[in-house]
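# Structure at a glance
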Amino acid sequence: MAEITAAAVKELRDRSGAGMMDCKKALTESGGDMEAAVDWLRTKGLAAAQKKSSRTAAEGLVGVAVAGNAGAAVEVNSETDFVAKNEQFQQFVRDVTAIVLSKGDDMDALTTAKMPSGTAVGDALTNNIATIGENQSLRRAKRLDVSQGAVISYVHNAQAPGLGKIGVLVALESDADVDVLEPLGKQLAMHIAAAFPLALDETGLDQEVLERERQIAGEKAAESGKPADIIAKMVEGAVKKFAKENALLSQLFVMDNKTPIADVVAKAGKAAGTTITLKDYVRFQLGEGIEKEESDFAAEVAATAGLTK
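To keep things clear, this report deals only with the structure shown in the data block.

About the cut-offs
Residues numbered from 1 in each chain as written. Predicted model: local features only at pLDDT ≥ 70, side-chain atom pairs only at ≥ 80, totals over all residues. Heavy atoms only, no water. Patch = residues over 30% accessible without salt bridge, like charges linked within 9 Å, V, L, I, M, F, W, Y side chains within 5 Å. Areas by Shrake-Rupley, 256 points an atom, 1.4 Å probe, with all protein chains shown as cover. Salt bridge = Lys/Arg side-chain N within 4 Å of Asp/Glu carboxyl O. Helix = DSSP H or I, 4+ residues; strand = E, 2+ residues; numbered from the N terminus. Buried < 20%, exposed > 50% of the residue type's maximum accessible area, 1.4 Å probe, protein only. Arc of directions from axis to C-beta. Contact = heavy atoms within 4.5 Å. Phe/Tyr/Trp six-rings, centres within 6.5 Å; stacked < 30°, edge-to-face > 60°. Lys NZ or Arg CZ within 6 Å of the ring centre and 35° of its normal. Axes fitted to C-alpha atoms, helices over the stretch in contact; angles between N-to-C directions. Parallel < 35°, antiparallel > 145°, perpendicular 65-115°, else oblique. Left-handed = near helix turned anticlockwise from the far one by under 90°. Nonpolar A, V, L, I, M, F, W, Y, C, P; charged D, E, K, R; others polar.

So, on to a nonpolar patch on the surface. Taken together, the side chains of Met-190, Val-254 and Met-255 define a hydrophobic patch exposed on the protein surface, amounting to about 250 Å² of accessible area. Along the chain, the position of Val-254 falls in the loop between helix H10 (228-246) and helix H11 (261-272). The exposure class of Val-254 is partly exposed, given its relative accessible area of 42%.

Structure, rendered in structure tokens:
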């Protein structure tokens, strides 16, 4: 049986909001598997919902930049937060973001693209690792553009202009004036940073994610003891609710918690006397989905001294 550590219990408690003993039992029942433990808690009704915001498990910076009708977002990871404050590292992120903005987000092409110094991006990254003294990686990049309209950027917890822990781009297709699109895009970007949508609309949601929700809902509904046809309706209702809450256009605007984002955009277009279309968005959160082993200093000392906790 896998050892259930206090750190694992705390992590599960932070993620689920469930009680400590319930978290310990969930980890025991799932053999220490964190994701399975979250599902176990939800099945038992001990966690209202899986928290959508991922724990930041890696350091570094997210960079965003816009020019004309295009925008770019890049994530570069490092081992510690100290590197994020390093000017050499910050400039590297700025330069790579500018390259993505002008040349596109193909990662293979990006590695060989030239920095302002004439050095290839991949070589510049290797040099950073050698001179700064920490492992670093260019994790992901995305470029958005519109034929007419604007791409608006937003950085949450900014470390420097255009650099921070959460970077958002919003692409608005429209012939409306930029004075209309900029404030709308900024509000939408702030919503996206806070609400963490999983897709633009319900058709874009990952089918594996929806199937997982269906299985969890099925297990919870089965415990009700109701007839099979009622259980089927309960399950589909739960999945539909999940999809609605996680697709950007159907999410309720965080500014008033009652207006769907699609209606917010439509209302802005009506006020401007033209059509505004939310074409796409990007949300990069630093370290999202990366598991980072946390050091237990007391355990390290005990191990060094030949003791056990």
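The periodicity of an α-helix, 3.6 residues per turn, causes residues three or four places apart in sequence to face the same way. Listed in full, the buried residues belonging to helix H1 (residues 6-16) are Ala-8, Val-9, Leu-12, Arg-15 and Ser-16. Buried residues of H1, seen end-on, are gathered within an arc of 130° and therefore sit on one face of the element. Turned more than 90 degrees away from the buried face of H1 sit Ala-6, Ala-7 and Lys-10, all of them exposed. Here the buried face of H1 lies against helix H2 (20-29) and helix H3 (34-43). Looking one or two residues past H1, Gly-17 carries a phi angle of roughly 80°, positive in sign.

Summed over the entire model, instances satisfying the criterion amount to 13 salt bridges. The partner of Glu-35 in a salt bridge is Arg-212, and the shortest N-O contact between them spans 3.4 Å. Taken together, the residues Glu-35 in helix H3 and Arg-212 in helix H9 (residues 207-222) connect sequence positions 177 residues apart. In this structure, the salt-bridge partner of Asp-39 is Arg-212, at a minimum N-O distance of 2.7 Å. Taken together, the residues Asp-39 in helix H3 and Arg-212 in helix H9 connect sequence positions 173 residues apart. Residue classification places Asp-39 among the buried residues on the basis of a relative accessible area of 18%. On the basis of relative accessible area, Arg-212 is assigned to the partly exposed category, the value being 26%. Look at the salt bridges and you will find they share partners, linking Glu-59, Asp-81, Lys-85 and Lys-165 into a network.

Turning our eyes to something else, we now look at the packing of aromatic side chains. Summed over all chains, the structure comprises zero aromatic pairs. The residue whose ring lies beneath Arg-140 is Phe-284, and the NZ or CZ to ring-centre distance is 4.2 Å. We note Arg-283 situated over the ring of Phe-196; from NZ or CZ to the ring centre the distance is 4.2 Å.

Once that is clear, we can look at the packing of H1 against H3. In the contact formed by H1 and H3, the axes pass within 11 Å of each other and the chain directions differ by 50°. On the basis of the axis angle, H1 is oblique to H3. Judged by the twist between their axes, the crossing of H1 over H3 is right-handed. Here Ala-8, Glu-11, Leu-12, Arg-15 and Ser-16 of H1 lie close against H3, whose contacting residues are Met-34, Glu-35, Ala-37, Val-38 and Leu-41. Taken together, the residues of the contact of H1 with H3 break down into six nonpolar, one polar and three charged.

Now for the environment of Leu-41. Examined against the element boundaries, Leu-41 turns out to sit in helix H3. Judged by relative accessible area, which is 0%, Leu-41 ranks as buried. Distance in space between the C-alpha atoms of Leu-41 and Lys-25 is 9.2 Å, their sequence separation being 16 residues.

Scope: geometric values only; no functional claims are made or implied.
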